[in-house]
Every structure is written in structure tokens, then in C-alpha cells.
Amino acid sequence: MPKNIMKRTTILVGAQWGDEGKGKIIDLLTENSDIIVRYQGGNNAGHTVRYGDKKFILHLLPSGILHPGKKCVIGNGVVIDLEAFFHEIEILRESNVFVKNRLFVSDRAHLIFPYHRLLDQLREGQKGSGKIGTTKRGIGPCYADKADRLGIRVADLMNPKVFRDRLTYVLKEQNHILQAVYRHQPFSFSKIHREYTHYRDRLSPFVCSTELLLAEAHRAKKRILFEGAQGTHLDVDHGTYPYVTSSNASAGGAITGTGLSPAHIEEVIGVVKAYTTRVGEGPFPTEFPPALMAMVRELGEEFGATTGRPRRCGWFDALLVKHSVLVNGLSKMAVTKLDVLDTLPTIKICVAYQYKGKQFRNFPADQEVLAHAKPVYVECPGWLEQTSHIREWKKLPAKAKSYLTRLEDMLETRISIVSIGSERLQTIFIDGK
Ligand code: GDP
Ligand code: IMO
Ligand code: MG
């Protein structure tokens, strides 16, 4: 990989609705990094890394953990399910990947509790047609409690007295909601207290002030890579609200979610699929009709890495990604899954939306427009050749290069990586064309 493919402090974000292939790209960039940092989300993420016949799906730990010797940080902006945390460490251990002395967890990160998971399920169950289609991991309720000053942080768990007092106070409130609103039986204080006290001893070796660790690493000129989870359009501020996750998945989240100064960020790279997918509910203007959907879903193996749900698929939406370029300040893009389009005779790119006689060239916030807008497409001829064996830009079929160049022109952003398969080696680095 060319050294200049990324700068010393780089944020990598998903520029669509998640599952863009961030795991694969993070894995590649880890080679050029010293520290890999998750800054938001939790185990709702599913980042796939594949090498040889091995496949790992990281949910909570940074994808860089697969590289021995690299340090990994779970920042204060992440919400941590401790059961998932230790389960993931165990899965890695079984494959001889060890995390001791190189995995660090922020003492300010918030913890997911069983009542968060239950509330996520109950709320989704009750919403009927208004449901979000969450991963039911308790992510939304945990972030809601954080904002409502009802959260419990890692530091709170580490102090037995604080934890007992805090859990007593918080559980009273949670049980009240469960009983009064959902007619559900309450959680037992002693059961949760016992379970989490047990976790305390196991978690303790990983816990530190990660903002200090990162500031010192930055001062020592270490290379820091921020691993976004989800995608810009699932961001609670910049996404297709309310069909979003509950954190800031876009670049701003890397600042608030770690405590590293914004002045230290040198670059933001966006990952985009060569088409579009989304899991869960919410608007999707360029969604395919059923037959094409079934075909591309099969070609791209588009099934959720966390929940196994089939992903909705559609054409590349330039309005959607242009919005991501803007709110993240993307200077480069990695385009993934180009190979999935190899057999399509025509490939479309959405360049505008049409609604009630009005044309939209920028991604609108209005839910009604997004739900009913008719996409305006430009058509590109397909290349109808296999690409997954190609390793150099100049060897890509001319029509594939022309599709990618068109995306660059529309988005006014350079493509520096093209991925044509899920394996590490199935990658083209573009170091000047
Ligand atoms: P993430 O959440 O952004 O890390 O993406 P996921 O891991 O959820 O989903 C991406 C899927 O596409 C995974 O199964 C990857 O192994 C796979 N993948 C990544 N890049 C490519 C590619 O260029 N071509 C193909 N065919 N598959 C890819
Ligand atoms: P990665 O990091 C794709 C979606 C869910 C749902 C919405 C809210 O693998 O790209 P939540 O459980 O977060 O409250 O669900 O967000 N979602 C994702 N979609 N990729 C993800 O992560 C996602 N994480 C959450 O499907 O629509
Ligand atoms: Mg994923």
C-alpha cells in the first residue's frame, strides 16, 4: 500500500447507510497505523475482515485488533455491552488473536444494561409501522440514558460504592418505566449487581483515560486511525432522522467520542459502496425493484453482518454521498464492491430527485420528499467483465474506469482505493492515475 494513502491522523467513515465495507478498508489501513480507535456506536456494528480462508466479524472491538502489535482503543463515545465485549475477546482468542496490553477502554464510555436491550425490543415491538428496524442491541436506550443523565459509565462500575448507589437510583427509574408503561416485570437489583461486579474485575485491566493515551500518542507522532461505525446517513444529526442510530457516526463523532482535539485531525476518508444498501426501515429513493434487488442481493451477498437480515439494495445515489462529502469534509473515497456490478449491462447513478414539480440536487431533510421523490438517473454502460482479479487502475475495463471517474466528478472527491473483492489483496490503490 502506498504510504501516502492516508495521513497521520485519519478518520474513516461510512458515507451511506452503513455496511459500506469499512471493516475491509480499516484492516488495510491498519498496516499504516499505530492505534485504531472506535468512537461511537456499539455492538450494532458488524465489520467484516477477511484474509485467506479466515473471516472475522468485529462488532465492538476496533477492526485493527486482528493485527498483532497494534493498539486499539474504545473511546468514550462508544456504548459497551460487556457480555458482547468479552464474547468477542474469547472468539479472537480461539483464533490466537490476543488483546492483552493493547486494548484500551475509556473510563468515560457508557455501559449497556439488560434493561436497555429489553427496552429496545419492547419499543420496536410496539411501534408497528413506525418501527426503526433497530439491531435490538439496546443502543438507542443506552444513548438516551446518557443524554438524560441516567447512564452508568465504566468509571462508575469501577468504583463499588458509586456503582451500588448509581444502579440503585437508575434501576428504580427503569423498573418504573418497565412496569408502568410496558407492563413488564422489573429487573432484580441483586442479579444485575452481581453480574456487573463480576465484569468489573475482568474489565479493570483494559480501563484507562483514553483521551490521555491518545493525546500522548499524538504528541509522540503516532499514526491514529479512527474507525467509524454505521454511516453518515445513520448519524443522529446528519442522517435520515428518525431512521438513524443514536450516535454521531460522521466525522464529528470522532472528536466528541474520543477527546482528541479537532485541530489534530488531518484527513477524513469516506467509504462508499459502488451501489447503495440499507438495513432496517426508512426512506431509500434509489431502491431497486424486486427482481433487480434479488439479483444484486445475491451477487453482493447483502445480508447483515450483525443480524443476518437481508439488506435493501439500490443504485448509487450521488445526492446522498454528496451530503456525506459535505458534512464530513471528505478528501478521499474508498469505493467498494465494484465487482458486484460486473454483470450488469447498464448501471444508473441518481443525480437529482423530482417531487411535486420541484427538482432537488441536494439531499433534502424533509421526510415526505425522501419517501416519495422520484430519482433522476444518468445511465452508464456496464463493463460486463470480471474485475476481482485486477490489481491496477489502468487494467480496469475502460467502462468501469469511466463509471468511477463520473462518480469522482459528481462528488468532487478523489477515489484513492477501489475494492473488487472481500479479501485484502483484492484492492487497487490509486496513487495518481
Ligand atoms: P462494514 O460494516 O462497513 O464493515 O461492512 P460489512 O462488513 O457489514 O459488509 C460488507 C461486506 O462486503 C462484507 O461481507 C465484506 O466481506 C464484503 N466486501 C467488502 N469489500 C468487498 C468488495 O470489494 N467486493 C465484494 N464482493 N465484497 C466485499
Ligand atoms: P456497520 O458499522 C448498517 C441500522 C439498523 C437500524 C438503525 C438503528 O456494520 O455499518 P440501532 O440498533 O443502531 O439503534 O439501529 O441503524 N444500523 C446499521 N445498518 N450497518 C450498521 O453498522 C448499522 N448499525 C445500525 O439496521 O436501521
Ligand atoms: Mg456492517
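Everything that follows concerns the structure shown earlier in this document.
Residues numbered from 1 in each chain as written. Chains lettered and ligands numbered in written order. Predicted model: local features only at pLDDT ≥ 70, side-chain atom pairs only at ≥ 80, totals over all residues. Heavy atoms only, no water.

Engineer: I would appreciate a short explanation of the packing of aromatic side chains in the present structure.
Structural biologist: Geometrically, a pair of aromatic rings is defined through the distance of the ring centres and the angle of the planes. Going through the model one piece at a time under the given rule, you end up with twelve aromatic pairs. Between phenylalanine 113 and phenylalanine 163 the ring centres are 6.4 Å apart and the planes differ by 20°, which places this aromatic pair in the stacked class. With phenylalanine 113 in the loop between strand 8 (110–111) and helix 3 (114–126) and phenylalanine 163 in helix 6 (residues 160–180), this residue pair connects regions lying 50 residues apart in the sequence. Its relative accessible area of 0% is what places phenylalanine 113 among the buried residues. For the pair phenylalanine 288 and tryptophan 315, a centre-to-centre distance of 4.8 Å together with 90° between the ring planes defines the contact as edge-to-face. With a gap of 27 residues between them, phenylalanine 288 in the loop between strand 12 (276–278) and helix 10 (290–299) and tryptophan 315 in the loop between strand 13 (312–314) and strand 14 (316–317) connect regions that are remote in the sequence. Residues phenylalanine 288 and tryptophan 315 agree in their burial class; the two are buried. Connected via pairs of aromatic rings, a cluster forms that spans Phe85, Phe86, Phe113, Tyr115, Phe163, Phe187, Tyr196, Tyr199 and Phe206. The ring of phenylalanine 86 carries arginine 202 above its face, with NZ or CZ at 4.1 Å from the centroid. (Phe/Tyr/Trp six-rings, centres within 6.5 Å; stacked < 30°, edge-to-face > 60°. Helix = DSSP H or I, 4+ residues; strand = E, 2+ residues; numbered from the N terminus. Buried < 20%, exposed > 50% of the residue type's maximum accessible area, 1.4 Å probe, protein only. Lys NZ or Arg CZ within 6 Å of the ring centre and 35° of its normal.)

Engineer: Whenever I open this one, the side chain of histidine 116 confuses me. Can you help?
Structural biologist: Relative to the assigned elements, histidine 116 resides in helix 3. Those residues in contact with histidine 116 that lie beyond four places of it in its chain are Leu111, Gly138, Pro141, Cys142, Asp145 and Gln174. (Contact = heavy atoms within 4.5 Å.)

Engineer: Explain the packing of helix 3 against helix 4 (residues 139–147) to me, please; I cannot follow it from the model alone.
Structural biologist: Each packed pair of helices is defined by two parameters, the angle between the axes and the distance between the axes. Relative to each other, helix 3 and helix 4 sit at 115°, their axes nearing to 7 Å. Judged by the twist between their axes, the crossing of helix 3 over helix 4 is right-handed. Note on element contacts: helix 4 touches helix 3 through Ile139, Pro141, Cys142 and Asp145, opposite Tyr115, His116, Leu119, Asp120 and Arg123. A per-class count over the contact of helix 3 with helix 4 returns five nonpolar, one polar and three charged. (Axes fitted to C-alpha atoms, helices over the stretch in contact; angles between N-to-C directions. Left-handed = near helix turned anticlockwise from the far one by under 90°. Nonpolar A, V, L, I, M, F, W, Y, C, P; charged D, E, K, R; others polar.)

Engineer: Mind showing me how you'd approach the coordination of the magnesium ion (ligand 3) here?
Structural biologist: Around a metal, the idealised angle for a tetrahedral arrangement of four donor atoms is 109.5 degrees; for an octahedral arrangement of six donor atoms it is 90 or 180 degrees. For the magnesium ion (ligand 3), every protein donor is listed as Asp19 (OD) and Gly46 (O), and the spread of their distances is 2.0 to 2.2 Å. On the criterion of sequence distance, the pair formed by aspartate 19 in the loop between strand 1 (9–14) and helix 1 (22–30) and glycine 46 in the loop between strand 2 (35–38) and strand 3 (47–51) is long-range, its members being 27 residues apart. Residue classification places aspartate 19 among the partly exposed residues on the basis of a relative accessible area of 22%. Since its relative accessible area comes to 12%, glycine 46 is described here as buried. (Donors = N, O, S within 2.8 Å, 3.2 Å for Na, K, Ca; no water.)

Engineer: Would you explain the sheet that holds strand 11 (residues 267–273) in this entry?
Structural biologist: Pairing between sheet strands relies on hydrogen bonds along the backbone, with the strands arranged either parallel or antiparallel. The ten strands are arranged 9-7-5-2-10-1-11-15-19-20 in an open sheet whose pairing can be described as mixed. Two strands lie at the open edges of the sheet, namely strand 9 (207–208) and strand 20 (427–429), each paired on one side alone. Both strand 7 (residues 103–106) and strand 9 contribute to a ladder of two bridges, which runs parallel. Bridge pairing in strand 9 places valine 105 opposite valine 207. (Pairing = 2+ DSSP bridges.)

Engineer: Explain unusual backbone geometry here, please?
Structural biologist: Most of the time, phi is negative for any residue but glycine, and the peptide bond is trans. Cis geometry marks the peptide bond from tyrosine 241 to proline 242, where omega comes out at 5°. Looking at the secondary structure, you find proline 242 in the loop between strand 10 (224–227) and helix 9 (252–256). Positive phi, close to 65°, is recorded for lysine 221, a residue that is not glycine. Locating lysine 221 in the fold gives a position in the loop between helix 8 (210–219) and strand 10. Of note in this structure, leucine 384 is not a glycine but carries a positive phi near 50°. Assignment of secondary structure puts leucine 384 in the loop between strand 18 (374–381) and helix 13 (398–411).

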